[in-house]
Amino acid sequence: MGRKLLLDKAHIEGIRNYDVYRRNGGYAAVEKAFKMAPADIVEEVKKSGLRGRGGAGFPTGMKWSFLAKPEGVARYLVCNADESEPGTFKDRYLMEFIPHLLIEGLIVSSFALGSNRTYIYIRGEYAWIVDILEQAIAEANQAGFLGKNILGTGFDCQIYVQRGAGAYICGEETALLESLEGKRGNPRIKPPFPAVKGLYDCPTVVNNVETLAAIVPILNIGGEEYAKIGVGRSTGTKLISACGNINKPGIYEIDMTISVEEFIYSDEYCGGIPNGKKLKACIPGGSSVPILPANLLLKTVKGEKRMMTYESLADGGFATGSMMGSGGFIVLDEDQCVVRHTMTLARFYRHESCGQCSPCREGTGWMEKILHNIEYGKGKMSDIDLLWDIQSKIEGNTICPLGDAAAWPVAAAIRHFRDEFEWHVLNPEEAQKRNFGLAHYADPLEVSVA
Amino acid sequence: MAEEKKLFKVTIDNITIEVEPGTSILQAARMIGGDIVPPTMCYYSKLKNTGGYCRTCMVKVAAGSTADPRPMPKLVASCRTNVMDGMIVENITNPAVLEARKGVVEFLLINHPLDCPVCDQAGECDLQDLSYAHGTEGSRFEFRKRTFERIDLGPYIQLHMTRCILCYRCVHTANQVAGQREHGVLDRGDHAQIATYIRESLDSEFIGNVIDVCPVGALTDRTFRFKNRVWFTKPVEAHRDCPTCKGKVRLWMRGDDVLRVTGRKDQWGEVEDWICNDCRFEKKKVSDWVIEGPTTVNRHSVISQGHYTGIKKPGETFEPLMHRKPKLLMDIHAVSNVNKVDLNNIPGPATGKTFNGDPLSMGNNPTDVKEGVGRNMAGTDSTNPDTP
């Protein structure tokens, strides 16, 4: 049983309300933080080794220390709650069931960064969560943890919730800032980075919901204690939203010491593949990261057990590895068609591309059309090479990472499941009737976990 | 006493130049000039915040600076990346850059209609030049292209969204030059479009400049549509006393008729001064203008054919640098029969006969401008049944 830091109070009845949260040790981190100097809090976060939970895994303490602090210019903290990645729904759970944890983390972080106006940019589709957050903010205001002169320290802070209008691209930090300013959500060209010129041209830190919530346990138990959890540079606990062909889909908090095999097959977590099917492939970190076939998922090419950590999941680079990403764990059993799956993802990225830079705007649509042809029995062998060529010309040539995110799933699917694409081209009629069992998946014969 | 400014030394394709801090790689390359200048589709030096979208100007930074000589991991957009001291940039000497650029050209063309034979921009189109210089001869795109209906944005400007490459130049122009913006980009991805949301006319008195900044034929001058091909008209510099703008323009003449008025474009295809709608659309008589003299036209341009003779050719930088001949660049004078005929001698449009032995014969163009008839000031369009 792994250690729980974020979800340890999730089971308590009425934890959504301020009174229950406060009675169970809530807002202790704020009280502790306000006795410290802001620089010490940043130092504490640095010591904890916390890495950004939004996908890129950049060390949070380092990001905070990059924040420019010119005199007389406001600084902003923005919470990125625009969680739109297919397969990722961890932030939704946090905000819906323990909203005060996020608010507490935001107050501490605002104090550490000196942000008097803090924004939560929330995905437009999470309409009901806006009400939950607004209520939590009102309760915190009432209790004196927000507003003017918090706890008598002279620090003012107010949190505002801003709804997006339903665009995946607004999860990219600079597009988010543009959208927050009321403009079209197009990513900005970097540099300058938001830490120097962000919201309204002021220094800004943009962090994921889970990252900011994790500030609370870091303050409570101390950065060094937090750094002891996990392996190597993957410290602390991470929320994984598991979905797909597993017995127990849902949100799991892992302490980054377990293996992928244990995560999929143990009853404590996903509980194995239903209906006695075999594991075929898995996307370990949300739809943007490369898909891995089962033989590479459970063991790295070096023969080591693959662990649920940032380093182990990325072992082998993109040739034989993947990424931790945002923690959207999508499991595919032997009945699933990788071509169809890739087409669905390509359609998503085509729909969500902002249309600003040409490789992503035109390339995503082109890839979707070719994948559609292959899936519906009109493909050619040369289409597979063409797809590979298109994705290689999108990747790395765009302003924001959406181009990469659109190219990686296609690249990984072709890299690992080329035989399935070829089978689709050669057997167009059969491919539409029967879509499984083609790629040489490798289910571990002996599963070591119950 | 003025303090001496520290200059940054930057090397682009083995040519070193010293530039002021804050210069972009593209601007430094333009100072050097020649073949090493990356092509641009969306960057416009006269407008703020343009560039970075089209990705045609991408270059490889092989060394970031003297202090930090690591190469940049990805190709960077040269128009939006500033030089550092000791930076080493590779443009045409790096095959990966040329390959990526080829990919970008292909992406730009997959939804472009390639209707150059009926497009008014043909002959002065940035996308045409780009695809000749960097594109492949064929397309691998086998699907139906994205299409839109043509929209008349007021009496002067027609929007043909199908040809648009979403460079955002017209949006920035409306924001920064015209003072008010009534159009913008709607939707996203490959179905994004330039539009006015509810079909409106664009009324600002400087809005005509969006026609000049458009790199393709998406925004065209309704008073010039289908009047003539640009290479049959002769560009002349002229000016007038204009109360709203500087009045420095370029007239596109055919015989004694002014067919079109545009801003003066420099060698990078960017206008030198913005001109007002009055100068652009209403002053189409020679008597309105003071003629300064003929425009210098790039000898590679199709516009230069037949107009000027005895030009001294500038030196090439491509060959000494690359140790080979340029692949697709051609001298129009060397390959075209057209330049053997002096089109200035005939007042009407040239026909096949003109180039086949009878240099003084000419065709009869019904839309050609004659005194009293044919001047199509309403911008109506005989090929489009929707307009009167």
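Residues numbered from 1 in each chain as written. Chains lettered and ligands numbered in written order. Predicted model: local features only at pLDDT ≥ 70, side-chain atom pairs only at ≥ 80, totals over all residues. Heavy atoms only, no water.

Under an unreviewed UniProt entry, the name given to chain B is NADH-quinone oxidoreductase subunit G, and the source organism is Flavisolibacter ginsengisoli DSM 18119. Taken directly from UniProt, the Subcellular location (unreviewed entry) text for chain B runs: "Membrane". The record in UniProt for chain B states the following under Sequence similarities (unreviewed entry): "Belongs to the complex I 75 kDa subunit family." (UniProt positions renumbered as here; feature names shortened; annotations may be inferred.)

In the nomenclature of an unreviewed UniProt entry, chain A corresponds to NADH-quinone oxidoreductase subunit F from the organism Flavisolibacter ginsengisoli DSM 18119. Its UniProt record gives chain A the following Function (unreviewed entry) comment, quoted word for word: "NDH-1 shuttles electrons from NADH, via FMN and iron-sulfur (Fe-S) centers, to quinones in the respiratory chain." As recorded by UniProt, the Catalytic activity (unreviewed entry) comment attached to chain A reads in full: "a quinone + NADH + 5 H(+)(in) = a quinol + NAD(+) + 4 H(+)(out)".

A.B. asks: What am I meant to see in the nonpolar core here?
C.D. replies: In globular proteins that are soluble, nonpolar side chains generally tend to be buried together. Residues and elements named next belong to chain B. In this structure, Leu127, Ile157, Ile194, Leu219, Val249 and Leu251 are the most contacted members of the largest nonpolar core, which totals 63 residues. Here this core gets 6 residues from one element, more than from any other, and that element is helix α2 (residues 95–110). Leaving out residues up to four positions away in the same chain, isoleucine 194 has contacts with Leu159, Met161, Cys164, Leu166, Cys170, Val171, His183, Gly184 and Val185. (Core = buried A, V, L, I, M, F, W, Y, C linked by side-chain atoms within 4.5 Å. Buried < 20%, exposed > 50% of the residue type's maximum accessible area, 1.4 Å probe, protein only. Helix = DSSP H or I, 4+ residues; strand = E, 2+ residues; numbered from the N terminus. Contact = heavy atoms within 4.5 Å.)

A.B. asks: What's the story with the pairing of strand β5 (residues 87–90) of chain B in this structure? I'm lost.
C.D. replies: One face of the sheet, then the other: side chains in a regular strand alternate in exactly this way. Residues and elements named next belong to chain B. Covered by surrounding structure in β5 are Met87 and Val89 only, the residues Ile88 and Glu90 on the alternate face being uncovered. In this sheet, β5 lies alongside strand β1 (residues 8–12) in parallel orientation, the contact comprising 3 bridges. Bridged to isoleucine 12 within β5 is valine 89. Where strand β3 (residues 58–63) and β5 come together, 3 bridges link them in antiparallel fashion. Looking across to β5, one finds that alanine 63 is bridged to isoleucine 88. (Pairing = 2+ DSSP bridges.)

A.B. asks: Help me understand unusual backbone geometry, please; the structure alone is not making it clear to me.
C.D. replies: Backbone geometry follows two general trends: most residues other than glycine have a negative phi, and most peptide bonds adopt the trans configuration. In this chain, A:Lys190 is followed by A:Pro191 through a cis amide linkage whose omega measures -10 degrees. A:Pro192 follows A:Pro191 through a cis peptide bond whose omega is 5 degrees. With a phi angle near 65 degrees, A:Tyr27 is a residue other than glycine that sits in the positive phi range. Take A:Tyr27: it is sitting in the loop between α1 (18–23) and α2 (28–33). Judged by relative accessible area, A:Tyr27 falls into the buried class, the value being 0%. At B:Tyr168, a position not held by glycine, the phi torsion is positive, near 70 degrees. Judged by its relative accessible area of 6%, B:Tyr168 falls in the buried class.

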